[in-house]
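Below, each chain spelled out in residue letters.
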Amino acid sequence: MSFPKKVNLYEVGPRDGLQNEKNIIPTKIKLQFIRKLIDCNFKHIEIGSFVSAKWVPQMSDSEKIVDAIEKLEGVSFPVLTPNLKGAVSAIKKKADTICVFASASEEFSKRNTNCSVTESMNRIEEVIDEAKKNNVKIRGYLSCVLGCPYEGKISYEKTTELANFLIDKGCYEISLGDTIGCGTPTEALKLFEKISKSINIKKVAAHFHDTYGQALANIYAVLQLGVQTIDTSIAGLGGCPYAKGAKGNVATEDVLYMLNGMGIDTGLNLKEIIKVSWFISDYLKRSPKSRVTQTLGRK
Ligand code: HMG
Ligand code: MG
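Bear in mind the structure is a predicted one, so any value in this text is a computation, not a measurement.

## Description of the site of ligand 1
Taken together, 26 residues sit near ligand 1, with Q19, K54, N112, N114 and T179 positioned nearest. Within the side chain of W55, one N or O atom sits 3.2 Å away from an oxygen atom of ligand 1. Contacts to ligand 1 include H207, whose side-chain N or O atom sits 3.0 Å from an oxygen atom. Counting residues per element, the ones that place at least two in the shell around ligand 1 are α1 (13-17), α4 (84-92), α5 (106-113) and β5 (137-143).

## Some points on the packing of helix α6 (residues 117-133) against helix α7 (residues 156-169)
At a closest axis distance of 10 Å, the pairing of α6 and α7 adopts a crossing angle of 20°. The angle between α6 and α7 falls in the class roughly parallel. The handedness of the crossing between α6 and α7 comes out as right-handed. On α7, the residues touching V117, M121, I124, E125, I128 and K132 of α6 are K158, L162, F165, L166 and K169. For the contact of α6 with α7, a count of residues per class yields seven nonpolar, no polar and four charged.

## Details of the sheet that holds strand β6 (residues 173-178)
Spatially, eight strands are ordered β1-β8-β7-β6-β5-β4-β3-β2 in an open sheet, and the strand pairing comes out parallel. Of all the strands in the sheet, the pair left with one neighbour each is β1 (8-11) and β2 (48-49). Strand direction decides the pairing type here: strand β7 (residues 204-208) and strand β8 (residues 229-232), joined by three bridges, are parallel. Considered in β8, the bridge of A206 is made with I230.

## Here's the deal with the coordination of the magnesium ion (ligand 2)
Each protein donor to the magnesium ion (ligand 2) is listed here as D16 (OD), H207 (NE2) and H209 (NE2); together their distances run 2.0 to 2.5 Å. Read from N- to C-terminus, the donor residues coordinating the magnesium ion (ligand 2) fall into the pattern D-x190-H-x1-H. Remark: H207 occurs in strand β7 and D16 occurs in helix α1; sequence separation between them is 191 residues. Exposure remark for D16: the relative accessible area of 3% places this residue in the buried category.

## Details of unusual backbone geometry
For N114, which is not a glycine, the phi torsion comes out positive at approximately 55°. Relative to the helices and strands, N114 is located in the loop between α5 and α6. You will see that C144, though not glycine, has its phi angle at about 55°, which is positive.

## Some points on the packing of aromatic side chains
Under the criterion given, the structure shown has two aromatic pairs. Measuring from ring centre to ring centre gives 5.1 Å for F3 and Y220, while their planes differ by 55°; the resulting arrangement is tilted. You can see F3 sitting in the segment before β1 and its partner Y220 sitting in helix α9 (residues 215-223), a full 217 residues away along the chain. Between the NZ or CZ atom of K36 and the centre of the ring of F279, over which it lies, the distance is 4.9 Å. Between the NZ or CZ atom of R139 and the centre of the ring of Y10, over which it lies, the distance is 3.5 Å.

## So, the pairing of β7
Within β7, five of the five residues are buried, which leaves it mostly tucked inside the rest of the structure. What you see with β7 is no split at all: V204, A206 and F208 on one side and A205 and H207 on the other are buried throughout. In terms of strand pairing, β6 meets β7 through five bridges, oriented parallel. Bridge pairing in β7 places I174 opposite V204. Taken together, β7, α9 and β8 constitute a β-α-β crossover, and its handedness is right-handed.

Each value, and the rule that gives it
- Residues numbered from 1 in each chain as written.
- Chains lettered and ligands numbered in written order.
- Predicted model: local features only at pLDDT ≥ 70, side-chain atom pairs only at ≥ 80, totals over all residues.
- Heavy atoms only, no water.
- Near = heavy atom within 4 Å.
- Polar contact = N/O pair within 3.5 Å; in protein donor to acceptor, adjacent residues only side chain to side chain.
- Helix = DSSP H or I, 4+ residues; strand = E, 2+ residues; numbered from the N terminus.
- Axes fitted to C-alpha atoms, helices over the stretch in contact; angles between N-to-C directions.
- Parallel < 35°, antiparallel > 145°, perpendicular 65-115°, else oblique.
- Left-handed = near helix turned anticlockwise from the far one by under 90°.
- Contact = heavy atoms within 4.5 Å.
- Nonpolar A, V, L, I, M, F, W, Y, C, P; charged D, E, K, R; others polar.
- Pairing = 2+ DSSP bridges.
- Donors = N, O, S within 2.8 Å, 3.2 Å for Na, K, Ca; no water.
- Buried < 20%, exposed > 50% of the residue type's maximum accessible area, 1.4 Å probe, protein only.
- Phe/Tyr/Trp six-rings, centres within 6.5 Å; stacked < 30°, edge-to-face > 60°.
- Lys NZ or Arg CZ within 6 Å of the ring centre and 35° of its normal.
- Right-handed = clockwise from strand over helix to strand, strands pointing away.

Encoded structure:
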């Protein structure tokens, strides 16, 4: 077991972060937010979801966002697509990467996408076929991997099986989500170790939420296996509207502070990121959930 020398922080703030906000955020503010993140040198910024506006109204301007964001060499702007309808729209708008998402929990699958796990895999196959036809990259998400708000413990075997299905179908990476932040380092390590037996760990991303303050410890645990991509959200924004209790995603600044301390390269600058954290927190008129941003103030 050894730590990677370089880690990629995959920024989910504009999507996973903002999808959970009660008040609709103007497109103009989202665009300013995304452009500030681009200036920070992130290489992956998830900028929206092509989902039903009735289900997630906060993401209903995603087409406009994808249209407005200038393509940039070496930077990807993934969007979530739950079905073929979403994938067709995203591809039409020239999204460079689409993300499919599912869960091994039947109840969460129903609540989040109104279908069973098997149905969600059938939908995902259609999305992947469409993306492949159009040479669009596909990222896979599995949620509630360390616990579900409706079903409790989720089988590691089932999650591993779904992860392999998504990779075999053509996802370049699979992000394992502790959606309600209930996992602890021992469990996180156990699951990631199990999955690494059948999937190259370089293709496995970690997506932790910080409900019980476990996210950094969980990240530290799985970094030892060589995990190279961590999903983070600036200011600790976010949560899933269909996962009761899903508080913020782990804050980008908190993870960056830890990685800097460990001498792991990310290509990012903490001071610049803190400025963006204050920008969005000021707009939302609330304190950033990031402990680092709160402690260091407005650097
Ligand atoms: P449904 O109600 O069963 O869908 O929802 P439907 O096929 O019956 O269609 C209902 C209406 O939605 C129709 O419109 C469709 O056209 C429209 P109407 O005729 O009533 O006007 N519709 C769409 N509109 C835009 N884009 C689409 C689309 N599809 C249908 N793609 C559906 C099924 C999957 C659409 C719905 O359940 C949905 O949109 N779910 C998304 C929920 C979501 O976005 N959750 C958050 C993301 S997952 C997450 O946060 C976890 C993650 O961060 C990782 C982690 O933390 O673990 C990734
Ligand atoms: Mg999430």
